[in-house]
Amino acid sequence: MSVNQRRIGKPSADGAGAGVKSDPPPRKATSGPGRLLFVVHLNNMLHNVANMMNQTALPFLTKSLGVGNRLYGAFTTTAAVVQLIGSPLFGRFGDVYGGRLSLSVSFLAMTSVCVMLATCASIPVLFLTRLPLLFIHVVPSFQMVVSDVTDDESRAGALGLLGLSLITGIVLGALFGGIVTEKYSPSTSFLAAAVLSLLSTVLVWFTIPTQTKQKKKKDDKSKPKRGVFDVNELKRLLRIPGVAKLLGTKFFLQMSVMIIQSILPVILTDIFELGAQDTGIFFMTAGIVGAIFQVAAVGPLSKRLKDKTLVMLASVLMTVAGLLMARATTVSHMYVAFAPHVFGNVMFDVVINSALSKAVPQEDTGAIMGFTGTVYHLSMVISPLLSALLLENVGFPSLGLTSSGINVLLLLSMLL
């Protein structure tokens, strides 16, 4: 939605402002957000270092416990379901109690997961380590804080930079996790991740304001305080013009991504016969390419083009990527195909999140970012099974064709 549209109340190109008679002018950034944003990116990086260290060491732990492929699939699905349940509720928690408390709870829960994994000695305990994931929603919480302290014009670029610190953390976490796990043990990697998460808890508590939202006017004090578990509040958000449509668009775009990404390790190792080191290089390259697109393309394009145009461009890129993957016969082909795939993924994620944050009042940015997390985790529940069925019964090219088909349908729906 453009600045002028918000001022005169016209619907935006993506439908986010349809039916709204008048809107306030764009929210101004709070004074001196630079230091706060630095802390956000530092902790976002530390969190993803810790998370990737866990992910690197986890296969060695599950193997030592005798976890087979089916049980590991159930373990992964359990994690996705738990976070699917927690995302919208934790978003409301951030709106009500503020960024400092929501982030502190997330990092403490992450610390508990790391400690539980470090001391895990049985399969039941392994599954119990998924329960604290109900409270781990670091990315939506940081998205809420960034949305609160940036204005409408700079928000897409600021949210895009979160992806840069995220990718940096993933690359460093994969590197350190592999070294620590191989040289010492998986438990050592888990404990190192616990220390990083505890450090983030301390940093957040002493540097993030209790509340990052602008103070409400005196006239608003008479309004009743809305609770975290108020389902009517979540329904109210979905009724805001354009919100449900944006979330639906994000879900289908996310599905087109996860159909490939959820089974990508299997594709690289089984179809293209890559070893562990070459697989790691592929993922690291994808991360670097994504970081370059975040800085060099997404921010500048978001200032020049409308949200709907950017989403359509992302969908076109992923359509092309899917078709290229369907024809891929070598690893070089996969590298070429994955570039537009990553670009499209980065672009639609940033643009839709930015559009959603502008479509709702400031006091609801946490809840709406929680909904974006729900969309992501819902795709994580559905896509692995769908991808496995397609790969086993139809073949590898069907994954790229299915991804392209979803994007073609979305493009037609946006054009009509």
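Provided above is the structure to which this section pertains.
Residues numbered from 1 in each chain as written. Predicted model: local features only at pLDDT ≥ 70, side-chain atom pairs only at ≥ 80, totals over all residues. Heavy atoms only, no water.

Caption draft 1: Region of interest: the overall build of the protein. Each helix and strand in the protein was counted, giving 16 helices and zero strands. For the protein, the proportion of its 416 residues judged to be buried stands at 51%. The long-range fraction of contacts in the protein, counting pairs at least 24 apart against all pairs at least 6 apart in sequence, stands at 83%. Total accessible area on the protein is roughly 19000 Å²; 67% of this is exposed by carbon and sulfur atoms. (Helix = DSSP H or I, 4+ residues; strand = E, 2+ residues; numbered from the N terminus. Buried < 20%, exposed > 50% of the residue type's maximum accessible area, 1.4 Å probe, protein only. Contact = heavy atoms within 4.5 Å. Areas by Shrake-Rupley, 256 points an atom, 1.4 Å probe, with all protein chains shown as cover.)

Caption draft 2: Geometry of the packing of aromatic side chains. Following the criterion strictly, the structure yields seven aromatic pairs and no others. Relative to F343, the ring of F293 has its centre 4.2 Å away and its plane inclined at 15 degrees; by these criteria the two rings are stacked. Highlighted residues: F293 in helix α12 (residues 276-304) and F343 in helix α14 (residues 331-359), separated in sequence by 50 residues. An aromatic cluster is present here, built from F282, Y335 and F338 joined pairwise through their rings. The ring of W205 has R100 lying over it, and the distance from NZ or CZ to the ring centre is 5.3 Å. (Phe/Tyr/Trp six-rings, centres within 6.5 Å; stacked < 30°, edge-to-face > 60°. Lys NZ or Arg CZ within 6 Å of the ring centre and 35° of its normal.)

Caption draft 3: Region of the structure containing a nonpolar patch on the surface. Residues Y97, L101, V202, W205 and F206 make up a contiguous nonpolar surface patch of roughly 520 Å² in combined accessible area. For the nonpolar patch, the element with the highest residue contribution is helix α8 (residues 186-207), accounting for three residues. Residue position: L101 is located in helix α4 (residues 99-118). With relative accessibility at 31%, the residue L101 sits in the partly exposed group. (Patch = residues over 30% accessible without salt bridge, like charges linked within 9 Å, V, L, I, M, F, W, Y side chains within 5 Å. Salt bridge = Lys/Arg side-chain N within 4 Å of Asp/Glu carboxyl O.)

Caption draft 4: Expanded view of empty space enclosed by the protein. In this structure the tally under the stated criterion is two cavities of 30 Å³ or more. Forming the walls of the second largest cavity are S87, F90, G91, G94, S102, H137, P140, S141, M144, G366, M369 and G370. Going through the elements one at a time, α3 (69-97), α6 (138-149) and α15 (365-393) are the ones with two or more residues in the lining of the second largest cavity. Residue classes in the lining of the second largest cavity are distributed as four nonpolar, eight polar and no charged. (1 Å grid on protein atoms, 1.4 Å probe; cavity = no way out; pocket = protein on both sides within 12 Å on 5 of 7 lines; lining within 4 Å. Points joined across faces, edges and corners; volume = space filled by probe spheres on them. Nonpolar A, V, L, I, M, F, W, Y, C, P; charged D, E, K, R; others polar.)

Caption draft 5: How the structure looks around the side chain of H137. Considering the arrangement of structural elements, one finds H137 in the loop between α5 (123-128) and α6. When neighbours within four sequence positions are excluded, H137 is seen to be in contact with Q83, G86, S87, F90 and S106.

Caption draft 6: Structural detail: the pattern of salt bridges. Overall, the coordinates contain two salt bridges when judged by the stated rule. Here K250 makes a salt bridge to D349, at a shortest N to O gap of 2.4 Å. Of this pair, K250 sits in helix α10 (residues 243-261) while D349 sits in helix α14, placing them 99 residues apart in sequence. Take D349: its relative accessible area is 26%, and that puts it in the partly exposed class. Across the pair D307 and K358 runs a salt bridge whose closest N-O atoms are separated by 3.9 Å. In this pair, D307 is assigned in helix α13 (residues 307-326) and K358 in helix α14, connecting sequence segments 51 residues apart. D307 sits in the buried class, given a relative accessible area of 11%.

Caption draft 7: Main features of the side chain of H47. Counting through the fold element by element, H47 comes out in helix α2 (residues 33-64). Discounting chain neighbours no more than four positions away, the residues touching H47 are F107, M110, I136 and V138.

Caption draft 8: The arrangement of α8 in detail. If you check α8, its first and last C-alpha atoms are 32 Å apart, about what 22 residues at 1.5 Å a residue would give, namely 32 Å. Within α8, burial applies to S189, F190, A193, A194, L196, S197, S200, T201 and V204. Seen from one end, α8 has its buried residues packed into an arc of 165 degrees, which puts them on one side. In this structure, α8 carries V195 and F206 as exposed residues pointing more than 90 degrees from its buried face. (Expected span 1.5 Å × (residues − 1). Arc of directions from axis to C-beta.)

Caption draft 9: Inspection of the environment of V360 at higher detail. The residue V360 is located in the loop between α14 and α15 in this model. Considering only alpha carbons, one finds V360 and L237, 123 residues apart in sequence, at a separation of 7.4 Å.

Caption draft 10: Molecular detail of the environment of A321. With respect to the helices and strands, A321 occurs in helix α13. Classification of A321 as buried rests on a relative accessible area of 1%. In the structure, A321 is positioned 80 residues away from L401 in sequence and 9.5 Å away in space, judged by C-alpha atoms. Look past the residues within four positions of A321 in its chain and what remains in contact with it is A337, P340 and H341.

Caption draft 11: Examining the packing of α4 against α8 more closely. Where α4 meets α8, the axes come as close as 8 Å, and the angle between the chain directions of the two elements is 165 degrees. Relative to α8, the element α4 is oriented roughly antiparallel. Pair α4 / α8 crosses with left-handed handedness. On α8, the residues that touch R100, L101, L103, S104, F107, L108, M110, T111, C114, V115, L117 and A118 of α4 are S187, F190, L191, A193, A194, S197, L198, S200, T201, V204 and W205. Looking at the contact of α4 with α8 residue by residue, the class counts come to 16 nonpolar, six polar and one charged. (Axes fitted to C-alpha atoms, helices over the stretch in contact; angles between N-to-C directions. Parallel < 35°, antiparallel > 145°, perpendicular 65-115°, else oblique. Left-handed = near helix turned anticlockwise from the far one by under 90°.)

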